[in-house]
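So you can see what is in the structure, the chains are spelled out below.
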Amino acid sequence: MAVPVAFFALFFAYPVTAIVGRGFRTDDRWRFGRIGEVLGRPDILDVLWFTTWQALASTALTLLIALPGAYVFARFAFPGKQVLRAVVTVPFVLPTVVVGTAFLAVLGRGGLLDELWGVRLDTTVWAILLAHVFFNYAVVVRTVGGLWSQLDPRQEEAARVLGAGRFAAFRRVTLPALVPAVAAAALMVFLFTFTSFGVVQILGGPAYSTLEVEVYRQTAQLLDLPTAAVLTLVQFTAVGAILAVHAVTVRRRERALKLVDPAQTSRRPRGAGQWALLGGVLLTALLLILLPLGVLVERSLDGPGGYGFGYYRALQSAGSGASSTFLVPPLEAVGNSLRYALVATLIALVVGGLAAAALTRRAGRLVRGFDALLMLPLGVSAVTVGFGFLITLDKPPFDLRTSWILVPLAQALVGVPFVVRTMLPVLRAVDERLREAAAVLGASPLRAWREVDLPLVRRAVLVAAGFAFAVSLGEFGATVFIARPDTPTLPVAVARLLGRSGELNYGQAMALSTILMLVCAVSLLLLERIRTDRSGEF
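What counts and how
- Residues numbered from 1 in each chain as written.
- Predicted model: local features only at pLDDT ≥ 70, side-chain atom pairs only at ≥ 80, totals over all residues.
- Heavy atoms only, no water.
- Helix = DSSP H or I, 4+ residues; strand = E, 2+ residues; numbered from the N terminus.
- Contact = heavy atoms within 4.5 Å.
- Core = buried A, V, L, I, M, F, W, Y, C linked by side-chain atoms within 4.5 Å.
- Buried < 20%, exposed > 50% of the residue type's maximum accessible area, 1.4 Å probe, protein only.
- Patch = residues over 30% accessible without salt bridge, like charges linked within 9 Å, V, L, I, M, F, W, Y side chains within 5 Å.
- Areas by Shrake-Rupley, 256 points an atom, 1.4 Å probe, with all protein chains shown as cover.
- Salt bridge = Lys/Arg side-chain N within 4 Å of Asp/Glu carboxyl O.
- pLDDT = per-residue confidence, 0-100.

Draft legend 1. Layout of the environment of Y340. One can find Y340 in helix α15 (residues 332-360). Along the primary structure Y340 and I405 are separated by 65 residues, whereas in three dimensions their C-alpha atoms are 8.0 Å apart. When neighbours within four sequence positions are excluded, Y340 is seen to be in contact with W404, V407, P408, Q411, T487 and T489.

Next up, the structure:
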């Protein structure tokens, strides 16, 4: 636990505590009475209520739509499965400003629905909920589906042989084994929607505001740091309480499971019902995932003189339509993002892997509490973290304001919780007796982990690496404050272009977004290929 604790203490707890402390301290005096003043305002109460209920609704809707997809990807073999698995993960890395714009093209004024049926959903809560499902569909599919594909189907088949119906066998055998993974996925979806920023700001308009949007407004627009500090503290407390309840309830349901090679559990659909389920999942992916992504591609090619690659060619010059925005050609953001994401993924795997291994040992309340603390970066305002980095990591020996490593560190903060939540259910499902048998035969703890745990969790490690890489590619909230002007990331470059008027800037933003989408899809497809090629080893 030493490395994860030190990492989170230095790069998360210290910056967040410092910036919140500045909001409560005036003239060398602490003023905690501001908490009651801020929380007593009707507008703030409305923000708290909307933040909570939209996050619950988004989580429930995401589970309802994505769980059938998790089953299909876990149990069915069909052509194009690896490509589709990579495609459904792409939305998770797209900047929220881009997704909001794409959904406006589908749901807003002059959009597809407006042209076909005269229906507009922008500035409604339905647009926000659908965009949240678009973002988090892959979280459920990959987190739940990753464990589901390794559950031995013969256990459920044995229950049916003994007289249980299909639903009863699933409810009594498979569902209890999936509860930790489902709870982990639901937790991540809730935290992301609870702290939603770009989607709410673009699709909801001025009528809807989450805590994250209000923190940004109070900090960047009104310069009211005390109110922003109170809201950050409220967000931090709410997320901490949710994580504590999750840690207690889910841990009671975890147990050792018999895990098998995913290749043994995947087969072609049988019967009309299974083919209908596969068709429904494919149709959902088409309408919910591919349609908004197709809008991005179409807009990146739709230039003033007709369809072509004019916007892509303009990305090669720093002075073409963006002379005061970029010091380097926007296209260089592709290489910057890849380098940052690779380093952030390595950091997240090391820190998250060590944390997951420590949490597997069930060593007292301290370790169980650390389980919940690891998820806090997903529930704390990225605005707060970004500002915190700037005001704390500015003195030796941690003066990192001008160092390139600052961006991967901020990205890794968001990647570590995904690594932990992906690896932990699988690690805890490994039968402890296998480790004990290895120890009896003379294996050291390190060798026992290498010979017993690693072969069983290698697939989870690759899934975790994919999540960490994807999250790092699309991280925007904190990176926008710390990325250097001469080394912008793809999301930062897209936001800068969208923030400037002009058709050329908008087209370049769509082109960069399409490049980001393709880079993510190719990376995830390669990861799927590596994982499949090595699946026969364990």
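We are not done yet, so read on.
Draft legend 2. Focus on the nonpolar core. With 155 residues, the main nonpolar core has F7, L293 and F389 as its most contacted residues. The contact partners of L293, leaving out residues within four places of it in the chain, are V87, V90, L94, F134 and M517. V430, A443, A448 and V452 belong to the second-largest nonpolar core, a separate cluster that totals 5 residues.

Draft legend 3. Representation of helix α4 (residues 81-89) within the structure. Most of α4 sits inside the fold, with 7 of its 9 residues counted as buried. Among the residues making up α4, those that are buried are K81, L84, R85, A86, V87, V88 and T89.

Draft legend 4. Spatial organisation of a nonpolar patch on the surface. Taken together, the side chains of V3, L346, V350 and L354 make up a nonpolar region of the molecular surface, amounting to roughly 340 Å² of accessible area. At 3 residues, the largest contribution of residues to the nonpolar patch is made by α15. Of note, V350 is situated in helix α15. Judged by its relative accessible area of 42%, V350 is partly exposed.

Draft legend 5. Region of interest: the confidence of the model for the protein chain. In the predicted model, the protein chain carries a mean pLDDT of 80, and 88% of its residues have values of at least 70. Within the protein chain, helix α16 (residues 364-373) has the poorest average pLDDT of any element, 65, and helix α3 (residues 42-75) the best, 92. Overall, residues 534-538 carries pLDDT values under 50, and its contacts beyond four positions in sequence, including any with other chains, amount to 8 contacts.

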